[in-house]
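Here's the letter readout for the chains.
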Amino acid sequence: MNYWLLKSEPDEFSIDDLKKNKTTHWDGVRNYQARNMMRDQMKKGDLAFFYHSNTDVPGIVGVMKVVREGYPDHTAFDPDDKHYDPKSDPDKPRWFMVDLRYMRKFKKTIPLAVLREFAGKELADMALLRKGNRLSVMPVSKTQWDFITTLSD
DNA sequence: GCCAACGTTGGC
DNA sequence: GCCAACGTTGGC
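Residues numbered from 1 in each chain as written. Chains lettered and ligands numbered in written order. Predicted model: local features only at pLDDT ≥ 70, side-chain atom pairs only at ≥ 80, totals over all residues. Heavy atoms only, no water.

K.L.:
Lay out helix H2 (residues 32–41) in plain terms, naming residues and giving numbers.
P.N.:
The complete set of buried residues in H2 reads Ala34, Arg35, Met37 and Met38. The buried residues of H2 occupy an angular sector of 165° when the element is viewed end-on, so they sit on one face. Tucked into the core, H2 has its buried residues touching strand E1 (3–8), strand E4 (59–72), strand E5 (96–111) and strand E6 (137–140). The N-cap residue of H2 is Asn31: its side-chain oxygen and the backbone nitrogen of Gln33 are 3.0 Å apart. (Buried < 20%, exposed > 50% of the residue type's maximum accessible area, 1.4 Å probe, protein only. Helix = DSSP H or I, 4+ residues; strand = E, 2+ residues; numbered from the N terminus. Arc of directions from axis to C-beta. Contact = heavy atoms within 4.5 Å. Polar contact = N/O pair within 3.5 Å; in protein donor to acceptor, adjacent residues only side chain to side chain.)

K.L.:
Residue-level account of the nonpolar core, with values.
P.N.:
Ranked by internal contacts, the top residues of the largest apolar core, which has 22 residues, are Leu5, Phe49, Ile60 and Leu128. Going through the elements one at a time, E1, strand E3 (47–52), E4, E5, helix H3 (112–116), E6 and helix H4 (142–151) are the ones with two or more residues in this core. Those residues in contact with Leu5 that sit more than four places away from it in its chain are Phe49, Tyr51, Ile60, Met126, Leu128, Ser136, Val137, Met138 and Val140. In terms of nonpolar packing, the next biggest core, distinct from the first, is built from 21 residues, Trp4, Ala34, Val61 and Leu135 among them. (Core = buried A, V, L, I, M, F, W, Y, C linked by side-chain atoms within 4.5 Å.)

K.L.:
Explain the sheet that holds E6 to me, and be specific about the residues and the numbers.
P.N.:
Read across the sheet, 6 strands follow the order E2-E5-E4-E3-E1-E6 without closing on themselves; strand pairing throughout is mixed. In this open sheet, the two edge strands, each paired with only one partner strand, are strand E2 (23–25) and E6. For this sheet, the mean angle separating the axes of adjacent strands, direction not counted, is 35°. Relative to E6, E1 is paired through 4 bridges, and the arrangement is antiparallel. By the bridge assignment, Trp4 is partnered in E6 with Pro139. Sheet contacts for H4: E1, E3, E4, E5 and E6; angle to E3, the most-contacted strand, approximately 55°. (Pairing = 2+ DSSP bridges. Axes fitted to C-alpha atoms, helices over the stretch in contact; angles between N-to-C directions.)

Below, the structure is given as structure tokens:
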């Protein structure tokens, strides 16, 4: 079983939207590294942190679970979609997504700034805290997962 | 294959 | 709004 962290801008799609909808497809990822993880490595039953980016207090806001493994991201085929990519052919899809189910929302956000306090310690080598990291999908180790969970309510 | 130009991400 | 970091594109 693996653990993940997935970023979303709350203005686009927030933990509250997920809570309301129960499940979602994590569409719109247009980065090969992130694509590969969703297509090849994320498995049913894996858990993922929901991270709010590009907002006043960026940080981890809750937990969700993978309920469907990688399959083609159909939004890439739709010319009217914001994430349309003419180079993704339905016969040979370039982009993939997974389905996620809401598990829980933390009472308080665990801010990025707080996670950084543990950068040299419990959260050493965490992908999220690496300089210049812009991946929207990244792995979390079990150790990191367990530690971060102790920071939540 | 190199690399400059450009676009995007995302914290601050 | 600024800007550092990174990814992608495309000419050569």
